[in-house]
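Below are the chains, spelled out letter by letter.
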Amino acid sequence: MPRAIHRTVLVRLFLVWLLLSVSGGALVYRLQTERLDRRVVKLALDESSALTAACAEHARRPDARSVTELRRRSEETLRAQFVVVDLYDADRKPLLAVIRPGDDPITRTARDRVRELPLGSQPRHRRFYSGGRLLLEIMAPLSDERGAPLGYFRAIYQVRPETQKSIEEDVFGALALLVAALLAAAVALYPVIILLNRGLARSAAELLEGNLELMDVLGVAIAERDADTNAHNYRVTLYAVRLGEVLGLDPESVRTLIVGAFLHDVGKIGIPDAVLLKPSALTEEEIKIMHGHVMKGVDIIARSTWLKDARRVVEFHHEKFDGSGYPKGAKGAEIPLVARIFAVADVFDALASRRPYKNPMGLDEVLRLMTAERGTHFDPEVLDAFVPLVPALYREIACAGEDVPEAMVKSLVRRRFALE
Ligand SMILES: [Fe+2]
């Protein structure tokens, strides 16, 4: 199995683990902090319960003595971890405010913030940190045992360091547990995914092998009809791919070029022998029939999803850069780049190789003829990129026996279609 699969699975599992850790972590953090808020608010309200009785007394008899008692109870409450305590009567008029002595940053912050929570019939709270210490703004209505309103209590509660530590340990403990559980799940899934993927990769490779064999079979069938050997298909594929690589084609376009080069003349299967194999010059009518091989080829490959991209080569392989080609007279950039590349490779091989009816041309003669058609038949940029490649390609491919290009193409196909 290619190493890339292991890397892909690892990367994807890592991303899933990261995503779940972040989203699950956020959820756990939220749930834990809500639990913490409930715990702290209850703690704070329990510690302030003595105020309710004093408020009730003041509501019954609002005199100096009850105010003194209220202040005493408020100061007691303050000592129980409160920084600021504000009391209001049932009409929301301020009764008294007590603040922890000192001018430390927490006290200053608390003094500024205590009035931010509006008075209302439901308890409210808000959590914040100051100087690394956890504080809670609290607002709670005070009611007697029958539920009648006595006043309002608004305060800032400073969570004890040991409580804060335990709360934070709970939150981070739950987060660590979640992250570890997700990591364990990812580690356990890894071999399972690799195993499943191995089966899928094997099936995909078999399917691809089948498609490539079909491409080869079609190429051979065309060559048989055309009284030629399949060597032209192999050579032209090698030239076209080498030229495409020099021009910086992306891997997908190179694969299109391989299939298109192999099947460029597949439509010749549908041309009658009397025209296709006629030894003498074709009449005008016969030329028209012969030109029909392009669209017949397009119809044939359109029946296969796997071959459909090759249309860019098959449909345009007889078009010329100046618009004088067939079947559409497309010109310039209207002709796909892969077809412009293929046209150069095809003509080069036709001129440089032996055919039943002609001897191969010399290299200089081939180059002279092709250069004369720079900008008319051929895309100038493509031809300019091809000319420097010609001597090496000629030695390596054109002069080699028929078996050599075939072996080279088979190796190229395996590499380019990731079969090895
Ligand atoms: Fe053709």
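In what follows, the accompanying structure is described. Everything numeric here is computed off the predicted structure, so don't read it as measured data. (Residues numbered from 1 in each chain as written. Predicted model: local features only at pLDDT ≥ 70, side-chain atom pairs only at ≥ 80, totals over all residues. Heavy atoms only, no water.)

## Description of unusual backbone geometry
At the junction of Tyr326 and Pro327, the peptide bond is cis and its omega measures out at 10° in the coordinates. Along the chain, the position of Pro327 falls in the loop between helix 11 (311-314) and helix 12 (337-352). (Helix = DSSP H or I, 4+ residues; strand = E, 2+ residues; numbered from the N terminus.)

## Points about empty space enclosed by the protein
In this approach, a probe sized like a water molecule rolls over the atoms, and the result shows the empty space that is left. Under the definition given, this model contains two cavities of 30 Å³ or more. Lining the largest cavity are Gln32, Arg35, Leu36, Arg39, Ile167, Asp170 and Val171. Breaking the lining of the largest cavity down by element, the ones donating at least two residues are helix 1 (3-47) and helix 5 (161-225). Reported here for the second largest cavity is a volume of approximately 30 Å³. Every residue lining the second largest cavity is listed: Glu319, Lys320, Phe321, Ile335, Ala339, Arg340, Ala343, His377, Phe378 and Asp379. Broken down by class, the residue content of the lining of the second largest cavity amounts to five nonpolar, one polar and four charged. (1 Å grid on protein atoms, 1.4 Å probe; cavity = no way out; pocket = protein on both sides within 12 Å on 5 of 7 lines; lining within 4 Å. Points joined across faces, edges and corners; volume = space filled by probe spheres on them. Nonpolar A, V, L, I, M, F, W, Y, C, P; charged D, E, K, R; others polar.)

## Side note on the pairing of strand 4 (residues 133-143)
Taken residue by residue, a regular strand's side chains alternate between the two faces of the sheet. Among the eleven residues of strand 4, eight are classified as buried, and the element is accordingly described as predominantly covered. Looking at chain direction, strand 3 (residues 124-130) and strand 4 are connected through seven bridges and run antiparallel. Across the sheet, Tyr129 pairs through a bridge with Leu134, a residue of strand 4. What sits between the antiparallel neighbours strand 3 and strand 4 is a turn of two residues, in which Gly131 has the positive phi angle 55°. Here nine bridges tie strand 4 to strand 5 (residues 149-158), and the two strands are oriented antiparallel to one another. When the bridges of strand 5 are listed, Pro141 appears paired with Tyr152. Linking two consecutive strands that pair antiparallel, namely strand 4 and strand 5, is a turn of five residues; a positive phi of about 90° is found at Gly147 within it. (Buried < 20%, exposed > 50% of the residue type's maximum accessible area, 1.4 Å probe, protein only. Pairing = 2+ DSSP bridges.)

## Topic: the environment of Arg115
Following the sequence through the fold, Arg115 ends up in the loop between helix 4 (105-113) and strand 3. Between the C-alpha atom of Arg115 and that of Ser324, which follows or precedes it by 209 residues, the distance is 85 Å. When sequence neighbours within four positions are dropped, the list of residues in contact with Arg115 reads Asp86, Tyr88 and Arg154. (Contact = heavy atoms within 4.5 Å.)

## Points about helix 10 (residues 293-301)
Turning to helix 10, its buried residues are His293, Val294, Gly297, Val298 and Ile301. Buried residues of helix 10, viewed axially, fall in a sector of 145°; they line one side. Among the structural elements, helix 7 (251-263), helix 9 (284-291) and helix 11 are those in contact with the buried residues of helix 10. (Arc of directions from axis to C-beta.)

## Let's talk about the coordination of the iron ion
Protein coordination of the iron ion is provided by Asp265 (OD), His293 (NE2), His317 (NE2) and His318 (NE2), with donor distances spanning 2.0 to 2.3 Å. Around the iron ion sit four donor atoms; with metal-centred angles ranging over 85 to 176°, the donor geometry is irregular. Mapping the donors of the iron ion onto the primary sequence gives the spacing D-x27-H-x23-H-H. Here the residue Asp265 occupies a position in the loop between helix 7 and helix 8 (273-276), and His293 occupies one in helix 10, the gap between them amounting to 28 residues. Like His293, Asp265 is buried. (Donors = N, O, S within 2.8 Å, 3.2 Å for Na, K, Ca; no water. Tetrahedral: all angles 85-135°; square planar, octahedral: opposite > 155°, others 65-115°.)

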